[in-house]
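A closer look at the structure
Chain residues, written in single-letter form:
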Amino acid sequence: MYKKICITNRHLVQGDFLMQLENVMHAEADAVILREKDLTQEAYSLLAEKVQRICAGAHKEFICHTCAEVAMQLQADGLHLSAADFRRLPSDWKERNMKTGVSVHSAAEAEEMQAKGADYVIVSNIFPTDCKPGLPGKGTELIRETKALLDIPVYALGGITDEDAVRSCIEAGADGICMMSGYMKNAF
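The shown structure was predicted, so the numbers you read here are calculated from the model rather than taken from an experiment.

Moving on, we get to the environment of Gly-134. You can see Gly-134 is positioned in the loop between strand S6 (120-123) and helix H6 (141-149). By relative accessible area, which is 79% here, Gly-134 ends up exposed. Along the primary structure Gly-134 and Ser-106 are separated by 28 residues, whereas in three dimensions their C-alpha atoms are 18 Å apart.

Our next topic: the layout of surface pockets. Approximately 660 Å³ is the volume attributed to the largest pocket. At the level of secondary structure, the elements contributing two or more residues to the lining of the largest pocket comprise strand S4 (78-82), strand S8 (176-179) and helix H8 (181-184). In terms of residues, the lining of the largest pocket owes the most to one element, S4, which gives three residues. Within the lining of the largest pocket, the residues separate by chemical class into eleven nonpolar, 15 polar and six charged.

What follows is about helix H5 (residues 107-115). Looking only at H5, the buried set comprises Ala-107, Glu-109, Ala-110 and Met-113. End-on, the buried residues of H5 take up no more than an arc of 160°, which puts them together on one face. Turned more than 90 degrees away from the buried face of H5 sit Ala-108 and Ala-115, all of them exposed. Buried positions along H5 lie against helix H4 (83-87), strand S5 (100-104), S6 and H6. Remark: Gly-117 follows H5 within two positions and exhibits a positive phi of approximately 110°.

Turning our eyes to something else, we now look at the sheet that holds S6. Spatially, the eight strands close up into a barrel ordered S1-S2-S3-S4-S5-S6-S7-S8, and their pairing is parallel. Adjacent strand axes in the sheet meet at a mean angle of 25°, parallel and antiparallel pairs treated alike. Across three bridges, the pairing between strand S1 (residues 3-7) and strand S2 (residues 31-34) is parallel. In the sheet register, Ile-7 faces S2, and the bridge partner there is Ile-33. Of the strands in this sheet, S1, S2 and strand S3 (61-65) are in contact with helix H1 (residues 17-27), which crosses S2 at around 150°. The strands touched by helix H2 (residues 41-58) are S2 and S3; relative to S3, the strand with the most contacts, the crossing angle is about 165°.

Reading the values: rules and limits
- Residues numbered from 1 in each chain as written.
- Predicted model: local features only at pLDDT ≥ 70, side-chain atom pairs only at ≥ 80, totals over all residues.
- Heavy atoms only, no water.
- Helix = DSSP H or I, 4+ residues; strand = E, 2+ residues; numbered from the N terminus.
- Buried < 20%, exposed > 50% of the residue type's maximum accessible area, 1.4 Å probe, protein only.
- 1 Å grid on protein atoms, 1.4 Å probe; cavity = no way out; pocket = protein on both sides within 12 Å on 5 of 7 lines; lining within 4 Å.
- Points joined across faces, edges and corners; volume = space filled by probe spheres on them.
- Nonpolar A, V, L, I, M, F, W, Y, C, P; charged D, E, K, R; others polar.
- Arc of directions from axis to C-beta.
- Contact = heavy atoms within 4.5 Å.
- Pairing = 2+ DSSP bridges.
- Axes fitted to C-alpha atoms, helices over the stretch in contact; angles between N-to-C directions.

Here you go:
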């Protein structure tokens, strides 16, 4: 079995964001990464509390995106960062026992993040995606290359819109898949 991670974007939801997220968590996803980049830290914290309750009620993982202070304050299940943000974490971060994942765009970058202490990586974009128009997908070979170098979980992201895409990612070695549009638009 593979892990399914919902990455949020409330702007893609038609209707109530929290209700959509609750449906996704109860029916499909194993974890949520609350990725709401446009919010102030205060607004993010308020939303994070609500999303964490939804995740707890569904017995699913709750992972903050970028906001390390909020993740620590709420005792989230994890923190997800860009590679640049991960490189800037304080040297004592691992002592805080917070599972930390990193978004990467190459096998070499993934290898660097593992060496710096990442607990998992999300590789993207595997297929073309509406979130990054005009950017070609890197293909499932990126998953294979990354898995060959790493001992930590590797999750695939980008343009995973149907079961065939999911299957090809898992067959390439991904430990799971991440989706934003499919979960937020309820299209998967």
